[in-house]
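A look at the structure
This is what each chain is made of:
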Amino acid sequence: MKLYKIIIVFSLLALIISACSTRKGEQGDAATNDAKDSEIQQYNIEVQKDQTKNRFPCDTIALKEYILNNYERGTYLVDFDRTSTLNVPKSAVIYFKDGGDFILAVIAKSKPGERNIEAKNVVGFESSYINLDSTKLGTAFFWLTLFECKDASFTRIWESEVPIHGGFNSMTIKTWKPKNTKYVELNFEDGIISGHRNYNFFLVDGWRNPPHLLETYLGIAHKRTLANVNNDKFPDYWEYRFNSEAWRDSIYQIKIIDSVPFYWSIKKQLYITDKNQRWFRKY
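This one's a predicted model, so the numbers in the text were calculated from it and none came from an experiment.

**Quick word on the state of the cysteines**
According to the stated counting rule, one finds one disulfide in the structure shown. Covalently, Cys-58 is tied to Cys-149 through a disulfide, its sulfur atoms 2.1 Å apart. Its torsion about the S-S bond being 80 degrees, the disulfide of Cys-58 and Cys-149 is classed as right-handed. With Cys-58 in the loop between helix 2 (34–51) and helix 3 (60–70) and Cys-149 in strand 4 (residues 140–150), the pair connects residues that are 91 residues apart, well separated along the chain. Here the two residues Cys-58 and Cys-149 agree in accessibility, since each one is buried.

Laid out in structure tokens, this is it:
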């Protein structure tokens, strides 16, 4: 009788291990098999269709399906970072009207030749370290994309690359008061600098034209803030220089020692400063 019970227990354990291995295998296949990945995405979309009662033209479900059918494999609509573990993830989209029925979306594309990313691995504080070594989980390329909805169909107006691999947190439409210019702020958590980075996309020529990118950030020894240096239509910034000095009992204190104004050069298509002609930035 005891032997019989032992056999039953081992049989159940074998079934559980086999089921877990199958699930892991399926996940692994999705990361390296485009057909499997597409099949899983389509299944999830169909489930969302069945569970969603209030649909509207060009809604988030339709956008996910559009991305699946029109983008290269390994491309996903990203979620906002959850404010708590109890929150339900929300897709990183903003619907608004400003001369059209527009949809802003944050999209992540997998690097060709590597395994497909998993969208959950590029969102939040822990994923901000993926920039150090992203090849094991795949490399993500973020894109801020503007769509317009016409006759229940999507039209891609523009897409602008975000120069970072992970740590996405939030997206907000803001106004730069000096020139009353709209811009889209993408906030990324950054554990490497112990702070955050904002990639700001300025609509200097309106919504229908590609935006102008400017980066700001704040960390323990990193700081860059928005500014209006030369009073043209392009935003500028102050970049701060830090230094650590011995304080008491070999404790180091970090202090700001200088601030450098950078402004956009239309001729060079770079951010430059009058303090040193060898100092320049792309964004």
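From this point, things continue past the structure.
**Overview of the packing of helix 2 against helix 3**
Where helix 2 meets helix 3, the closest approach of the two axes is 10 Å, and the angle between their N-to-C directions is 160 degrees. It follows that helix 2 is roughly antiparallel to helix 3 by the angle criterion. Relative to helix 3, helix 2 is oriented so that their crossing is left-handed. Contact residues: helix 2 offers Ser-38, Gln-41, Gln-42, Ile-45, Glu-46, Gln-48 and Lys-49, while helix 3 offers Ile-61, Lys-64, Glu-65 and Leu-68. Its residues placed into classes, the contact of helix 2 with helix 3 shows three nonpolar, four polar and four charged.

**Observations concerning the nonpolar core**
Core analysis: the largest hydrophobic core is formed by 29 residues, its most contacted members being Leu-104, Phe-142, Phe-168, Met-171, Val-184 and Leu-186. Residue assignment for this core shows that the elements contributing at least two residues are strand 2 (93–97), strand 3 (101–110), strand 4, strand 5 (153–162), strand 6 (168–176), strand 7 (181–190) and strand 8 (195–202). In terms of nonpolar packing, the next biggest core, distinct from the first, is built from 14 residues, Tyr-66, Ile-67, Ile-107 and Phe-154 among them.

**Some remarks on unusual backbone geometry**
As a rule of thumb, non-glycine residues mostly have phi less than zero, and peptide bonds are mostly trans rather than cis. At Asn-180, a position not held by glycine, the phi torsion is positive, near 55 degrees. One can find Asn-180 in the loop between strand 6 and strand 7. With relative accessibility at 61%, the residue Asn-180 sits in the exposed group. The backbone of Asn-231 shows a phi angle near 60 degrees, a positive value even though the residue is not glycine. With respect to the secondary-structure elements, Asn-231 resides in the loop between strand 10 (223–227) and strand 11 (236–246).

**A few points about helix 2**
The terminal C-alpha atoms of helix 2, which comprises 18 residues, lie 26 Å apart, in line with the 26 Å expected from a rise of 1.5 Å per residue. Inspection of helix 2 places Asp-37, Ser-38, Gln-41 and Ile-45 among the buried residues, and these make up the whole buried set. Down the axis of helix 2, the buried set is contained in an arc of 95 degrees. They therefore lie on one face. Turned more than 90 degrees from where helix 2 packs its buried face, Ala-35, Glu-39, Tyr-43, Asp-50 and Gln-51 sit exposed.

**Looking at the confidence of the model for the protein**
Detailed reading of the predicted coordinates is not advisable wherever pLDDT falls low. On average, residues of the protein carry a pLDDT of 87, and 83% of them reach 70 or more. Below pLDDT 50 for its whole length, residues 1–27 participates in one contact with residues either more than four positions away or in separate chains.

**Things to note about the packing of aromatic side chains**
Per the stated rule, a full pass over the model turns up 20 aromatic pairs. Relative to Phe-188, the ring of Phe-168 lies with its centre 5.5 Å away and its plane at 70 degrees, an arrangement referred to as edge-to-face. Of this pair, Phe-168 sits in strand 6 while Phe-188 sits in strand 7, placing them 20 residues apart in sequence. Judged by its relative accessible area of 0%, Phe-188 is buried. Every member of this aromatic cluster is reached through a ring pair, and the members are Phe-80, Phe-142, Phe-168, Phe-188, Tyr-199 and Tyr-283.

What counts and how
Residues numbered from 1 in each chain as written. Predicted model: local features only at pLDDT ≥ 70, side-chain atom pairs only at ≥ 80, totals over all residues. Heavy atoms only, no water. Disulfide = S-S within 2.5 Å. Helix = DSSP H or I, 4+ residues; strand = E, 2+ residues; numbered from the N terminus. Buried < 20%, exposed > 50% of the residue type's maximum accessible area, 1.4 Å probe, protein only. Axes fitted to C-alpha atoms, helices over the stretch in contact; angles between N-to-C directions. Parallel < 35°, antiparallel > 145°, perpendicular 65-115°, else oblique. Left-handed = near helix turned anticlockwise from the far one by under 90°. Contact = heavy atoms within 4.5 Å. Nonpolar A, V, L, I, M, F, W, Y, C, P; charged D, E, K, R; others polar. Core = buried A, V, L, I, M, F, W, Y, C linked by side-chain atoms within 4.5 Å. Expected span 1.5 Å × (residues − 1). Arc of directions from axis to C-beta. pLDDT = per-residue confidence, 0-100. Phe/Tyr/Trp six-rings, centres within 6.5 Å; stacked < 30°, edge-to-face > 60°.

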